Amino acid sequence: MLDKMKQQKLLSLTVILFTLATGILIGTLVDRGVSADTKSPVAPDATPLTLPPVVQIGNEFTRLAKKLEPSVVYITAESAPAKESAGNRRPQAPRTRPRSGDDEEEDDQGNLLEFFRQGPFGQQMPQRQQRRGQSGTGFIVDRNGYIMTNNHVVEKMDKIQVTLHGDSTKYKARLIGADVETDLAILKIEGKNLTPVTIGNSDGVQVGDWSVAIGSPFGLEATVTAGIISATGRDLDSAQAFQRFLQTDAAINPGNSGGPLLNTRGEVIGVNTMIATRTGGYEGIGFALPTNMAVKVYNSIIQTGRVTRGYIGITWDRKQKPETLKAMGLYNGVLVQAIAKDGPADKAGLKESDVIVALNGKPIKDGTDLVNRVADLPIGTTASVTVDRDGKRVEHKLTIGDREEGMRAQNGAPEPLKEEAVTTDGGPAKFGISIRELSPEEREALTTTDKKGVRVAKVEEGSFAEEIGMAEGDVVVWVNRNPTSSLEDIRKVQAKLKPGDAVAFRVMRPNPTARRLQYVPVTLSGTLPAQ
């Protein structure tokens, strides 16, 4: 009986072991089948690709890009939106909307905030608003940090920063000067080991020449595009009198403004300025101001801070046809359409319908030639102008005027009021305001005895003046009881101050509730912060 039981146990153990062995064998076969299927190629008739050794295929454009990258910079500029002065705000009408439910709580909170926004006389206090920004391109022209760009990239901006290629540092840039008539601006940064570009002579540029544009379109730095010069001396209806462009089909987009246009020798032949577009983006035509004009502007700005040009006070047709002169028996010259009253030409006796044929004895080709040559003449010098009047040659002597002043008078624009930053260069006391002279209307509205003061034109964000509550439109009549009627008066007070000193301002603030300009006195004071 015992032997029989042992036989049954042995048989059961044998069956179990056989079953396990069979399962292991089947699993192994299945696993091998799967592995075999995985390792088999999906496309057995395809040859794997291999990468060749690294070989850099260079060309002229590659060389230009590497050479110019250190000289082309990315420019960002920003400015606080123009703050509406308290005196220019109209008082808000009382709210008459019925309140109910949750609106009542919201309105009460809004009224509380509104209360704290108001000044001492119920006027709206200036609110801090979002700064606006824009970007563009520029290029280094002097190893001491001077940069050329477009004026529209930095115009009316109070914070300008420059980034060099391959350098994350944001350099603070200072505006040296700008010229609206050519849309150029000159900046300066404090940097080391700067690489300036090589300036070329744009008079040698021909239609069909290769051209390369480098810039930061849409903020994409060091973008290089190539094309050809498709026209020279291009005169556009929207251009200023001194803008005669090189036209190129090298891709230029928003953000390229102020960047260099190069020839195949790596010389800058133009400053990328604008594009012809119906969509706001590149459509095949871009325009660059020739370097020969840009160099004139640059040299004038670094010498005097502005561009001075000669002026004789005439109006002429920019689209004058050759047939106009041919009908008068002439082949060169400029037909005078109008004479500016009391201008140099008027005082010298020139008349409408005269044809200016020569300047200082040299023939005048066309209007562009006349404007450029007059612009180059020093202000106050005497020039000889030869005109054809009814078929007879008449010579006039005139005194060259200042174009800026002459155009302002010709267009009926008022003399601009002076606006200067009230800071002491190198001094410890800084208020953070810009001032200008009072207009006759503002001076008349003052209730002070002597009707003297200076108007606050701008309050810098985060400055001492903003901290104590000064606002644009305020008229500063004294500082620490020292009368202020000019920039020098304020600077004299600043020279005596240092950080930690208390400063009090008496200002006249426009009353927003008055129907006409009316001032109310306000005293502002604070302690000058450490610099």
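Below, the structure is looked at part by part. It should be emphasised that the depicted structure is a prediction, and the values quoted were computed from it without experimental measurement.

With that settled, consider the pairing of strand S9 (residues 210-215). With respect to burial, S9 is a largely interior element, five of its six residues being buried. The pairing of S9 with strand S10 (residues 223-234) spans six bridges and is antiparallel. Within S10, the position partnered with Trp-210 by the bridge is Ile-228. Examined bridge by bridge, S9 and strand S12 (residues 260-262) share two bridges and lie antiparallel to one another. Each bridged residue has a counterpart across the sheet, and for Ala-213 the counterpart in S12 is Leu-261.

Attention now moves to the side chain of Ser-71. Residue placement: Ser-71 occurs in the loop between helix H2 (60-68) and strand S1 (72-79). Residue contacts for Ser-71: discarding those within four places in its chain leaves Gly-138, Phe-139, Ile-140, Thr-195, Pro-196 and Val-197.

Right, let's get into the pattern of salt bridges. Evaluated as defined, the whole model comprises 20 salt bridges. With a shortest N-O distance of 3.8 Å, Glu-488 and Arg-491 are connected by a salt bridge. Of this pair, Glu-488 and Arg-491 both sit in helix H12 (residues 487-495), three residues apart, roughly one helical turn. Exposure remark for Glu-488: the relative accessible area of 44% places this residue in the partly exposed category.

Turning next to the environment of Asp-402. Looking at where Asp-402 falls in the secondary structure, it is placed in strand S23 (residues 401-402). Given a relative accessible area of 12%, Asp-402 falls into the buried group. Sequence separation between Asp-402 and Arg-309 is 93 residues; the distance between their C-alpha atoms is 6.1 Å. Once residues lying within four places of it in the same chain are set aside, the contact partners of Asp-402 are Arg-306, Arg-309, Tyr-311 and Ile-379.

For the rest of this paragraph, the subject is the nonpolar core. If you look at the biggest cluster of nonpolar residues, it comprises 47 residues, and the most contacted ones within it are Met-148, Ile-314, Leu-350, Ile-356 and Leu-398. The dominant element in this core, judged by the number of residues it contributes, is helix H5 (residues 291-304), at five residues. Non-local contacts of Ile-356, meaning those with residues more than four positions away in its chain, are made with Ile-312, Ile-314, Gly-333, Val-334, Val-336, Leu-350, Ile-364, Leu-370, Val-385, Thr-386 and Val-387. Grouped together as the second largest cluster of nonpolar side chains are 22 residues, Phe-431, Ile-435, Ala-465 and Leu-487 included.

To continue, consider H5. The end-to-end C-alpha separation of H5 is 20 Å, in line with the 20 Å expected for 14 residues at 1.5 Å each. Listing the buried residues of H5 in full gives Thr-291, Met-293, Ala-294, Val-297, Tyr-298, Ser-300 and Ile-301. At the C-terminal side of H5, Gly-305 shows a positive phi close to 85 degrees.

Reading the values: rules and limits
- Residues numbered from 1 in each chain as written.
- Predicted model: local features only at pLDDT ≥ 70, side-chain atom pairs only at ≥ 80, totals over all residues.
- Heavy atoms only, no water.
- Buried < 20%, exposed > 50% of the residue type's maximum accessible area, 1.4 Å probe, protein only.
- Helix = DSSP H or I, 4+ residues; strand = E, 2+ residues; numbered from the N terminus.
- Pairing = 2+ DSSP bridges.
- Contact = heavy atoms within 4.5 Å.
- Salt bridge = Lys/Arg side-chain N within 4 Å of Asp/Glu carboxyl O.
- Core = buried A, V, L, I, M, F, W, Y, C linked by side-chain atoms within 4.5 Å.
- Expected span 1.5 Å × (residues − 1).

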